[in-house]
Every structure is written in C-alpha cells, then in structure tokens.
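Chains, contacts and geometry: an overview
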Amino acid sequence: MRINLALLKGDGIGPEIVDSACHVLDTVARRYSHDIAYTSLLAGGCAIDATGVPLPKETLDECLKSDSVLLGAVGGPKWDTLPGHLRPEKALLGVRKALGLYANIRPAKLYSALADRCPLRVVDDFDILIVRELTGGIYFGESGRRNGQYGEEAFDTECYSEKEIERIGRVAFEAAKKRNKKLTSIDKANVLESSRLWRETMHKLSHEYKEVEYADMLVDNAAMQLIKNPAQFDVIVTSNMFGDILSDEASQLTGSIGMLPSASLGESTRGMYEPIHGSAPDIAGKGIANPIATILSVAMMLRYSFSLEKEADCIENAVVKTLDQEYFTGDIGGKMTNNEITDKIIENL
Ligand code: IPM
Ligand code: MG
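These numbers come from a predicted model, not from an experiment.

Here helix α5 (residues 162-178) is 17 residues long and its end C-alpha atoms lie 24 Å apart, about the 24 Å a rise of 1.5 Å per residue gives. Of the positions making up α5, those classed as buried are Glu 164, Ile 165, Ile 168, Gly 169, Ala 172, Phe 173, Ala 175 and Ala 176. Down the axis, α5 shows its buried residues gathered within 160° of arc, on one side only. Exposed positions of α5 whose direction lies more than 90 degrees from the buried face are Lys 163 and Lys 178. In this structure, the buried residues of α5 make contact with β4 (103-109), β5 (127-133), β8 (182-187), α6 (193-206), β9 (213-218) and β10 (235-238).

Turning next to the domain arrangement of the protein chain. When cut into domains, the protein chain gives domain 1 (1-104 + 265-349) and domain 2 (119-253). Here the C-alpha centroids of domain 1 and domain 2 sit 25 Å apart. Listed as interface residues are eight residues of domain 1 and, on the opposing side, 14 residues of domain 2. The tally of links between domain 1 and domain 2 comes to zero salt bridges. At the boundary of domain 1 and domain 2, one finds three residue pairs in polar contact (both at pLDDT 80 or more). Elements with a contribution of two residues or more to the side of domain 1 that touches domain 2: α4 (89-98) and β4. Broken down by class, the residue content of the side of domain 1 that touches domain 2 amounts to five nonpolar, one polar and two charged.

Once that is clear, we can look at the packing of aromatic side chains. Following the criterion strictly, the structure yields three aromatic pairs and no others. Here the aromatic rings of Tyr 160 and Trp 198 are separated by 5.3 Å at their centres, their planes lie at 65°, and the arrangement is edge-to-face. Pair noted here: Tyr 160 is in the loop between β7 (151-156) and α5 and Trp 198 is in helix α6, with a separation of 38 residues, a long-range link. An identical accessibility class is assigned to Tyr 160 and Trp 198; each is buried. Aromatic side chains Phe 173 and Tyr 214 sit 5.7 Å apart centroid to centroid with 25° between the ring planes, which places their arrangement in the stacked category. Remark: Tyr 214 occurs in strand β9 and Phe 173 occurs in helix α5; sequence separation between them is 41 residues. With respect to class, Phe 173 is no different from Tyr 214; both count as buried. Here a set of aromatic residues connected by ring pairs shows up, and it is made of Phe 173, Tyr 209 and Tyr 214. Positioned over the ring face of Phe 140 is Lys 97, at 4.7 Å from the centre of the ring.

Moving on: the site of ligand 1. Near ligand 1 you find Glu 89, Leu 92, Arg 96, Arg 106, Arg 132, Tyr 139 and Asp 244, and these make up its full shell. For ligand 1, an oxygen atom lies 2.9 Å from a polar atom in the side chain of Asp 244. Relative to its unbound accessible area of 320 Å², ligand 1 is 79% covered by the protein chains. For ligand 1, the cavity whose grid points lie within 2 Å of the majority of its atoms is the second largest pocket. Across the shell around ligand 1, the residue classes tally to two nonpolar, no polar and five charged. Both domain 1 (1-104 + 265-349) and domain 2 (119-253) contribute no fewer than three residues apiece to the shell around ligand 1.

Parameters and conventions
Residues numbered from 1 in each chain as written. Chains lettered and ligands numbered in written order. Predicted model: local features only at pLDDT ≥ 70, side-chain atom pairs only at ≥ 80, totals over all residues. Heavy atoms only, no water. Helix = DSSP H or I, 4+ residues; strand = E, 2+ residues; numbered from the N terminus. Expected span 1.5 Å × (residues − 1). Buried < 20%, exposed > 50% of the residue type's maximum accessible area, 1.4 Å probe, protein only. Arc of directions from axis to C-beta. Contact = heavy atoms within 4.5 Å. Domains from an automatic or database assignment. Salt bridge = Lys/Arg side-chain N within 4 Å of Asp/Glu carboxyl O. Polar contact = N/O pair within 3.5 Å; in protein donor to acceptor, adjacent residues only side chain to side chain. Nonpolar A, V, L, I, M, F, W, Y, C, P; charged D, E, K, R; others polar. Phe/Tyr/Trp six-rings, centres within 6.5 Å; stacked < 30°, edge-to-face > 60°. Lys NZ or Arg CZ within 6 Å of the ring centre and 35° of its normal. Near = heavy atom within 4 Å. Areas by Shrake-Rupley, 256 points an atom, 1.4 Å probe, with all protein chains shown as cover. 1 Å grid on protein atoms, 1.4 Å probe; cavity = no way out; pocket = protein on both sides within 12 Å on 5 of 7 lines; lining within 4 Å. Sits in = over half its atoms within 2 Å of the grid points.

What follows is the structure, encoded as structure tokens:
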C-alpha cells in the first residue's frame, strides 16, 4: 500500500517524538512492503515564526490532499501572549475543523508493566476508550469580548446540535459494541441545556443499541469515579471540553500522559493522529521525551485509516514488550532517552 502522510511536527518535543514514530513506521512499512511518503509542513508556533500565522494555507491544502496527518504537538511560552486567533493551538483546531474530524478517540489503559506507576493505591486493571466530540461545543461556539454593566466582559458559548450529538454517539455505541458493550455518556445535564439535549439524544440512540449497557453520568461525578474506580468504565462519550479534561485525568492513571495516543476521525478514512500531551517546552531538545504516545498514534493510524491490523498489532506488541522489559523514559520512572526507547521498540517489532 502507498500512503501519503502529512507531518505536522510542531513545537517543543513535537519534532523529536514524530521522528521516533516515523522510524518505527518505516521499519514496519519495510517489513510489510508498504510505501510511505512524508510531507513535512509547518503548523503552530514554528509556522507563526516562519509565516506569521499558525496554520498556513499550504499546510491545510496539503493535509486535505494527504491520506492522513501525523501531528506532534503545538504551543509554548514564546507564543502565549499572542491574541487568540494567532495562537499556535489555532492550527490544531483549524485542521480538526477543516478536515471534519469530529470524533476523537483516546484509549487509556493500564499496562501491567506500569501498574505501580498508577498514582492510585488500589486499582483493578482498566482499559477505557474515551470518545470526545472534537469539532463542536464551547471550542467552536460564539465567543468574544464586550462592554458589560461592570466593564469588560468575555464570553464563550457551548452549543450542540442534535445531529452533532447523534453522530458522535454512533461512533461511541459502535465502539462499545466491539468492546465490552458498556457506554457511559458524560454531561452536565443538571445545569446545562446543551447537556440536556446531549442526554436526550443519547437516550434515543441507546434504544438502537440494546446490546450495549448504557448509562449517563454527571461530569463532576465522573471526575471522581475515574479516581475511585476507573475499572468501572469501558467506553466514555462526552463533549469537546469535558473530553479534553477527563482524558488528561485518565492519562495520569496510566502512569504518564506520555503514554496516550489519539485518533481524530470524520466521515472519510483520512484522520489525524497525535499524542494527547502537549509540546512540553521544559524538556524540549533534551532528547528525553517519551515517544510512546506518538508511536501508538501511528498504530492507531494503521488500524483506523488503512485497516492494516497486523501492522498495528506489531507496533502495539512491541511497545508492550519494551515496557515489560522495563525500558522506561523519565516520566514513567526510567532513565532512557527518546532514541534509546525508540531503538528498543524497533528491536522488538
Ligand atoms: C488536546 C489539547 C488541545 C485541546 C489544545 C492544545 C488546543 O489539549 O488535544 O487535548 O484542547 O483540544
Ligand atoms: Mg488536552
């Protein structure tokens, strides 16, 4: 198979971890006779420095022409004082929106080799799939500044249509059907009207998926339940904002945010794949970042965009084996560098 990949390495540790993931991908591609072509493009802070905007037109055009996009991370203190529409994060949001990637899939599972890195004292093995709505809600609602009764005000709006809720709901129910057949929808229906429509729509859908055990949960309770007993969850579906927050929380239970990959999907097979962590400016350039989240994102890409199951399994198994051999980067209690871990994973492929 020939695959054209758009690479958005981004800022901070982005370039290091994307390079690692590409080494792993190239090795797997050689073994299974696939041909991967990369186009590196500017996005985020590096694009601001070079062109003045976070998401140059060329970058977006190339992403639209590609078979899929692999992204490292964007942002950093250097660009923190820019106005909202010029921030590095706009690149990420812009690609998600323009490519119609409304479904963000974030698996959070506890690897047995990392069981003692979980900050909880008592924990049953957990394997959670978070399905986060990615192109709606407060991230994309009307927002702005205005003069109010007490001076300057700022506002952001959460708005969801029934259609948006239904399509993300279907992704989640279908995922639950293929896993342990349990879905928890997380909202704030005791306060927010948008959450009440969310809940009604999920309930309607649940009648079509009788084989899936469905429940809803308020987000504050969900934040607590994740700490109390993460093993109670199978698939979680939630809004853009709640998914952003809960996926960081869930990631920490796996030992490190450096472990969590993600897939962003829409109606076509083209997806964007990225670690859920940020650009970690504090360790950028030191070669000590954990590349596993990005490497596992590549595995998700092979599985979700190209149906290359064997190849995806090959990468995931190599990661598990490397962890079982107790080769760890600093974030999970080890001393290895990014390159050393990457070499071990490649050895284990
Ligand atoms: C994520 C990140 C992004 C988000 C930021 C960088 C815009 O936190 O992918 O979780 O909020 O979606
Ligand atoms: Mg986030």
